[in-house]
Amino acid sequence: MNKPELLMPAGNIEKLKYAIKYGADAVYLGVVDFSLRAMRKGELITLENLRTAIDTAHNMGAKAYLTLNIFAFNNDIKLLESVIDKISESNPDALIISDPGIIRMAKKYMPKTDIHVSTQANILNYEAVRFWQDIGATRCILARELPIKDVAEIKKQVPDMELECFIHGAQCVSFSGRCLLSDYMTNGERKANSGNCSQPCRWSYKLLEETRPNEYQEIVQDEKGTHILSTKDLCLVRHLKEMIDAGIDSFKVEGRTKSLYYVSATAKAYREAIDAIIANPNADMEPYFKELLKVGNRGYTTGFYLGNGEYDKDGYSYDISKGLAGADFLCEIIDKKDDWYKIRTKNKFSKDENIEIITPDEKFITKATEIQDDKGFILDVANTNNELWVKFEQSPKDYEYALARTIGIKGNIAKTQLCSCKD
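Here goes a summary of the coordinates provided. (Residues numbered from 1 in each chain as written. Predicted model: local features only at pLDDT ≥ 70, side-chain atom pairs only at ≥ 80, totals over all residues. Heavy atoms only, no water.)

**Considering the overall build of the protein chain**
Then step 1. Counting its regular elements, the protein chain contains 11 helices and 21 strands.
Then step 2. Surface exposure of the protein chain reaches about 19700 Å², of which carbon and sulfur atoms provide 47%. (Helix = DSSP H or I, 4+ residues; strand = E, 2+ residues; numbered from the N terminus. Areas by Shrake-Rupley, 256 points an atom, 1.4 Å probe, with all protein chains shown as cover.)

Here's what the structure looks like:
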């Protein structure tokens, strides 16, 4: 059985490191101006530190793919020409591109670098894959609108072309993300296809009849709410065997703007799930699905993958727009001195409260037996956004990259999702 690559998002350098430590074979990253995600937090990846970021991935044993997948106007092409040498010097393993003009530039200035055709190119059939192969691409990132059986046929028809598919993460209501809602609703200030989407598909809407000003009617889908454009998140962990059997070379997780915890926990779940399937094709995927309920999501769907080109009928999240996590991210462990661990808190927790620690190699339930601040004052509660020192009842074998969260799965998340996505 072919073992696919696990490809994780790297929204900044810290997330890049955690993604790899938690199991990614490769990461994809972008820089301002040429990427479809605008980053705002952490040590952002820029042209100045791009080489450092990619070297970091290589030194950790992973590949790094650079996204240049905007739809480029003339001024974008001119800007790219002015910095292409710096991009070339950063030595990415591949460039992810949707615009034919940028592909032409890549072949001219970076002829030895692989080209991966972005999902923005809406690749739906084997003739399209052959077209991009003739152009010189080495991989096609297929549209999320494809069912698995079509992916399998594409691989059969073009066996020497690498295929990449999304297996997890947020989806757009538009076709493969080619959306103009954000541009329109923000008067051009937040352009979705230039990396700064305001996500109007997640907004709540009301209906106004033009002859009745100020009489707003709610748009209701049955009794579930008003978020009529908000799709659930993709989750295919229960169907990894079918996807491996289809010949997919790379499994991609969406989420360059998601949290450090999201990237780590999702990478860990899919890494362990893929390894389990490779070792035993009949391995139970439910434990990994339950792990993925613990990260932020809008409800899970299988999208188009299990149908005959039709979208999962339960694929819209009518009642929520923001992702809800089944577990709260409590803290990351950032240092150690004797039996004390320095933590950076994300959500508060109490002394002697049961918490769950995850590392790249471990997962166990423990509790903080002592908490104190930098001045040595004893505390009963570790409050949000503090750096504190704690002692644990059970400590991680390796504290680097260790994270803590609440235990179990919140009742409402478990109740609504544990029986979903099975069809």
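**Notes on the pairing of strand 3 (residues 63-67)**
Then step 1. Counting buried positions over the five residues of strand 3 gives four, a clear majority of the element.
Then step 2. As defined by bridge partners, strand 3 adjoins strand 4 (residues 94-97) across three bridges and the pair is classed as parallel. Bridge assignment links Thr-67 to a residue of strand 4, and that residue is Ile-96.
Then step 3. At this point the chain moves from strand 3, through helix 3 (residues 74-89), to the parallel strand 4, and the crossover so formed is right-handed. (Buried < 20%, exposed > 50% of the residue type's maximum accessible area, 1.4 Å probe, protein only. Pairing = 2+ DSSP bridges. Right-handed = clockwise from strand over helix to strand, strands pointing away.)

**Examining the pattern of salt bridges**
Then step 1. Applying the stated criterion across every chain yields a total of 26 salt bridges.
Then step 2. Its salt-bridge partner being Glu-164, residue Lys-252 comes within 3.2 Å of it at the nearest N-O pair. One end of the pair, Lys-252, is in strand 11 (residues 250-253); the other, Glu-164, is in strand 7 (residues 162-169), and 88 residues separate them in sequence. You'll find Lys-252 and Glu-164 in the same group, each marked buried.
Then step 3. Residues Glu-286 and Arg-238 are paired through a salt bridge, measuring 2.6 Å at the closest nitrogen-oxygen approach. Of the two residues, Glu-286 sits in helix 10 (residues 286-292) while Arg-238 sits in the loop between strand 10 (233-235) and helix 8 (240-245), which places them 48 residues apart along the sequence. (Salt bridge = Lys/Arg side-chain N within 4 Å of Asp/Glu carboxyl O.)

**Considerations on helix 4 (residues 100-109)**
Then step 1. By the burial criterion, the buried members of helix 4 are Ile-102, Ile-103, Met-105 and Ala-106. One side of helix 4 holds all its buried residues, which, seen down the axis, span an arc of 160 degrees. The exposed set on the far side of helix 4, more than 90 degrees from its buried face, consists of Pro-100, Arg-104 and Lys-108.
Then step 2. On its buried face, helix 4 sits against helix 3, strand 4, strand 5 (114-117) and helix 5 (126-135).
Then step 3. Taking the backbone nitrogen of Gly-101 as reference, a side-chain oxygen 2.7 Å away marks Asp-99 as the first, capping residue of helix 4. (Arc of directions from axis to C-beta. Contact = heavy atoms within 4.5 Å. Polar contact = N/O pair within 3.5 Å; in protein donor to acceptor, adjacent residues only side chain to side chain.)

**A closer look at the nonpolar core**
Then step 1. Val-27, Ile-87, Leu-142 and Leu-240 are the most contacted members of the largest nonpolar core, which has 99 residues in total.
Then step 2. Per-element tally for this core: the top contributor is helix 9 (residues 260-279), with 12 residues.
Then step 3. For Val-27, the residues in contact, after removing those within four places along its chain, are Leu-7, Met-8, Ala-10, Leu-16, Ala-19, Ile-20, Ala-57, Lys-63, Ala-64 and Tyr-65.
Then step 4. Residues Cys-331, Ala-368, Ile-371 and Ala-402 belong to the second largest nonpolar core, which totals 17 residues. (Core = buried A, V, L, I, M, F, W, Y, C linked by side-chain atoms within 4.5 Å.)

**Side note on the packing of aromatic side chains**
Then step 1. Following the criterion strictly, the structure yields seven aromatic pairs and no others.
Then step 2. Between Phe-131 and Trp-132, the aromatic rings sit 5.0 Å apart at their centres with planes inclined by 75 degrees, giving edge-to-face as the arrangement.
Then step 3. Trp-132 sits in the buried class, given a relative accessible area of 10%.
Then step 4. Through a chain of ring-to-ring contacts, the aromatic side chains of Tyr-18, Tyr-22 and Tyr-401 assemble into a single cluster.
Then step 5. Positioned above the aromatic ring of Phe-289 is the side chain of Arg-238, whose terminal nitrogen or guanidinium carbon lies 3.6 Å from the ring centre.
Then step 6. The side chain of Lys-252 reaches across the aromatic face of Tyr-28, ending 4.4 Å from its centre. (Phe/Tyr/Trp six-rings, centres within 6.5 Å; stacked < 30°, edge-to-face > 60°. Lys NZ or Arg CZ within 6 Å of the ring centre and 35° of its normal.)

**As for helix 6 (residues 148-157)**
Then step 1. Among all positions of helix 6, only Ile-148, Val-151, Ile-154 and Lys-155 are buried. When helix 6 is viewed along its axis, its buried side chains cluster within an angular range of 115 degrees and face the same direction.
Then step 2. Packing partners of the buried residues in helix 6 comprise helix 5, strand 7 and helix 8.

**Section: unusual backbone geometry**
Then step 1. The residue Asn-91 is not glycine, and still its phi comes out positive at about 60 degrees.
Then step 2. By the element assignment, Asn-91 lies in the loop between helix 3 and strand 4.
Then step 3. One non-glycine residue, Tyr-401, adopts positive backbone phi at about 70 degrees.
Then step 4. Locating Tyr-401 in the fold gives a position in the loop between strand 20 (387-392) and strand 21 (403-405).
Then step 5. On the accessibility criterion, Tyr-401 (17% relative accessible area) is buried.

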